[in-house]
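Chain and residue survey
Letter by letter, the chains look like this.
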Amino acid sequence: MEIDYRIYEHPIIRFKRGRRVRFYFEGRVVEAYEGESVLAALYAIGVRVFTWSKKLGRPRGAFCMIGKCSSCFAVVDGVPNRRICIEPVREGIRVERQRGLAEIPRVEDVEPVETVNIETDLLVVGGGPAGLKAALTAADQGMDVVLVDSHYRLGGQLVKQTHKFFGSKEYFGGKRGFQVAEELSKKVLEHPRIRVYRSSEAYGFFDNKVVGVAVKYPKPLNLVVKADAVIASTGAMEKGLLFENNDLPGVMGAGGAQTLMNEYGVRPGDKALVVGAGNVGLIVAYQLLQAGVKVEALVEIMPRIGGWFVHAAKLRRYGVPILTRHTIVKAIGENRVEAAVITRVDENYRPIGGSEKKLDVDLVLISIGLTPDTRFFSQAGAVLKWIPELGGFTPIRTRYLETSIENIYVAGDASGIEEATTAFIEGEIAALSAAIKLGYGSKEAVERREKLLSYLWDEYRLSPVVSRARAGKLKATVSEEEMMLIRGKKFGGV
Amino acid sequence: MGFRETGVIKVGELERLGLMPSRERLKKGPVVIAECPEEIPCNICVDACPFKAISMDKIYGIPRIDWDKCIGCGVCVAYCPGLALFVVDLSKYGDKAYVTLPHEFYPPPRKNMTVKLLSRDGRVLGAGRVVKVWSYNNTWVVTVEVPKEYAMEVRGIWVEE
Ligand code: SF4
Ligand code: SF4
Ligand code: FES
C-alpha cells in the first residue's frame, strides 16, 4: 500500500481537501490536494529530508512549517530558495531539493517582474490575529488598508489552533482558533476598503516611506506600497535547542508539527517526544493525541510545569508522562529520528550520569519558547531591545504601540510573545492609534482605545500566570517624551 | 509534589482551594466541580452557566460556584476551554455514581457503550457504561456510570476503536 500520512478522521477538524492536483518531485509524479503546501504533500507520502546542509551535507527536515526558517529551501520551476512549506501545490510544477547553496539564476534567464506602485492609508504586514484585527479596525475607521501576508492562507497561527480560546467572549473566548481565523479572514477579504495580497513578502522599508513587497502568486509582482502608516504584526518564530543531532529530520518545532497536523491534516509521525512543558508544548502534545500520534513523554528541564495546569491535566488524563527536571541529550537515527535519549538533571540543570533513558520515537518536538520575528523592524531601523520575558529582541514602543520610527506600529507576538487574545487587542489598539494620529479616529475611537488599554494592562495582564509577559511588556514600553528623545538621537530628527 | 509539578490535582488540594462542594450537597444531586486552581485569564464558564451559578471577582479569578444554584446540568462542561469542569452525581441509591466529563477524541462515544475509565493520571480504573452523550462545538459531553468509590477519581474515558 502507498504511504499516506493524511488524517481522515479527527475529533475536531473536518479536513476539506480541494481537488486533486499532480506535480513533479524530482521526476516522480506526486498526487496532492489543492490547498496543501508542497512540503505537506511530500510529507504525507513519507518524504522527510528536504535539503542538505551547505558544508557537511547533513540531511535537514521540516522545522517551522510557516516560512520562517531555511530547512525547506527547494527549487520550484527553476527558481531556487523557495520555501516549500508555504508554496501551494499547483498542477504541473516541478520541485527539486537543493544540496547546500543553490545557484542563483542569471538575470538573462529569468522573466522580469513588473513593478507596481500603490498608495494606501495603512499597510498591515502579517495577517495573523493582530494583523486581521488591525486591518478590520482601521478599515472601519474609514482608512484604506493594504494587508500582505507571506502565506497563501490568512489567519497566521490561528489556523492551527484547535483548542477553544480562553479569555472572555468579546475576544473570541470559547471559539477554536481556526474558527476565528475563518471568521476574521472572511470579513477582511470581503471588506471594500481592504486590499489583500497573499503569498507576499514585505522585504523592506525604504526612504522612510515605502515598503517593498514581493508578490509571488497569482502573478509575480514587485509591489511598492506608499503608506501613511504601517502596522507590522509579523509574529514569532520557534527557538531551537542545542543537543546532539538536533538537525536530524524529525526534530521539529512543536508549532511546525501543529501546522502539519491541524492545517494540512498530515500526521507528523507515529511516536513523539515533546521537549518543553510550556503552554505550547502541552497544547501540541494533546493535539498530537487527537491526531493519533502516541506521545511517549514531555520533558521539562525546570522543576515545575511551565504552562497552565488545565493544559497539563488534560494530557495527564490520557497517561502522558510529564517529566520535570528532565531534558533531551540526543536524537539518534540515520536520515530521520529513530530514537531519543533523555536524562534527569540536577539543581544546576546538569545531566545526572546514569539516568539516561532511550525512547523509541520518530518525532522530537521542540517547544522551549518563541522569539518575536523582528526582521522587518531591524531592516527598517527601529530601535529594538533585548527582553528575555518577551522571548528576545522586540521594538520599543509607546503605549499606543508606535515604534521609534514614526507611524510604524507593532502588534501581536512581534511585540513580545503573549497569546492570541492579547494579539487581537494589540492589533485593535495599533489600528485605532494610527487612525487617531492620521485624523480618522473619532471621539469614540479615542474612548475605545482607552478602554482596551485599561482592560489589557489593568485586568487581563494582571493574572499571575501572565505576570512575566506583563513585566516584559512594561520594559518595552516608553513614554511619548522618551520616544521623542530616542527618535531625535537615533535618527537625527527624522 | 503539588499539581504544578505533576499536572494532577488531589481532592485534598481542591478542598483547600474551596473548589469542593460539601458532602451533603454531593449527596443531594448532580453538581459541578471546577478543577481550575490557577488564576488564569478566563471567564468562559461564568457566561456559559444558564443558572448564573458561577462567578468570578475578576477576569483571572478562580471560578466560584454557588452549589445551591448549580443543578449539575453540564452546560459549562462543554464550554470550558480548559476541559476542567466535571459534574459528579452521588445521589443515586446503590453502588453507582455518575460523572459527566468532556471528551475530544475519535471515535465518538455513544450511549450504552462500555468505555475505559481513566483517572487524573491516566490509570485505567475499570470500565463504565455511557448513559448520556451530547456535543457542542466538537467537544463531547459524556456521562458515565462509575463505581461510587471512583466518583472523585474518574476524569477521562477512552473509547476503543
Ligand atoms: S453544571 Fe449547569 S448549573 Fe452547574 S455550573 Fe455548570 S452550567 Fe451552571
Ligand atoms: S471556563 Fe474552564 S478554564 Fe475558564 S475559568 Fe472556567 S473552569 Fe477555568
Ligand atoms: S521555512 Fe519551511 S520549514 Fe521553516
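Residues numbered from 1 in each chain as written. Chains lettered and ligands numbered in written order. Predicted model: local features only at pLDDT ≥ 70, side-chain atom pairs only at ≥ 80, totals over all residues. Heavy atoms only, no water.

**Some details on the overall build of chain A**
Condition: To qualify as a helix, a DSSP run of H or I must reach at least 4 residues; to qualify as a strand, a run of E must reach at least 2; elements of each kind are numbered from the N terminus. Exposed residues in this analysis have more than 50% of their type's maximum accessible area, buried residues have under 20%, and partly exposed residues fall in between, with area computed by a 1.4 Å probe over protein chains only. The contact criterion used is simple: two residues touch if any of their non-hydrogen atoms lie within 4.5 Å. In this description, accessible areas are obtained by the Shrake-Rupley approach with a 1.4 Å probe, and a residue is regarded as covered only by the protein chains that are shown. We treat Lys and Arg as the positive residues and Asp and Glu as the negative residues; His and chain ends play no part in the count. Where a charge sits is defined by one atom per residue type, namely NZ (Lys), CZ (Arg), CG (Asp) or CD (Glu).
Scanning chain A for helices and strands turns up 11 helices and 26 strands. A total of 494 residues make up chain A; the buried ones form 59% of that total. In chain A, the proportion of contacts linking residues at least 24 apart, taken out of those at least 6 apart, comes to 63%. By element, 52% of the accessible surface of chain A is carried by carbon and sulfur atoms, the whole surface being about 20100 Å². Side chains of chain A carry 69 positive and 59 negative charges; the gap between the two charge centres is 4 Å.

**Points about the site of ligand 2**
Applicable threshold: Only a single heavy atom is needed: when it lies within 4 Å of a molecule or strand, its residue is near that molecule or strand. For this classification, Asp, Glu, Lys and Arg are treated as charged, while Ala, Val, Leu, Ile, Met, Phe, Trp, Tyr, Cys and Pro are nonpolar and the rest, including Gly, are polar.
Taken together, the neighbourhood of ligand 2 is formed by Phe166 of chain A together with Cys36, Ile40, Cys42, Ile44, Cys45, Met56, Pro63, Cys80, Pro81, Gly82 and Leu85 of chain B. What surrounds ligand 2 is not a single chain but chains A and B. Here the residues of the shell around ligand 2 sort into 11 nonpolar, one polar and no charged.

**Examining the environment of Val29 of chain A**
All names here are of chain A. Turning to its location among the elements, Val29 is positioned in strand 2 (residues 28-33). Classification of Val29 as partly exposed rests on a relative accessible area of 41%. In this structure the C-alpha to C-alpha distance between Val29 and Gly92, which are 63 residues apart in sequence, comes to 9.0 Å. Sequence-distant contacts of Val29, that is, excluding residues within four places in its chain, are made with Arg22, Phe23 and Tyr24.

**Section: the packing of helix 2 (residues 129-140) of chain A against helix 8 (residues 420-437) of chain A**
Residues and elements named next belong to chain A. The cut-off we apply is this: Axis definition: a line fitted to C-alpha atoms, limited for helices to the stretch in contact. Angles are taken between N-to-C directions and run from 0 to 180 degrees. In this scheme, a crossing is called left-handed if the near helix is turned counterclockwise away from the far one by less than a right angle; it is called right-handed if the turn is clockwise.
At a minimum axis separation of 7 Å, helix 2 and helix 8 run at an interaxial angle of 35°. The hand of the helix 2/helix 8 crossing is right-handed. Residue-level contacts link Pro129, Ala130, Lys133, Ala134, Thr137 and Ala138 of helix 2 to Ala420, Ala423, Phe424, Gly427, Glu428, Ala431 and Leu432 of helix 8. The residue makeup of the contact of helix 2 with helix 8, split by class, is nine nonpolar, two polar and two charged.

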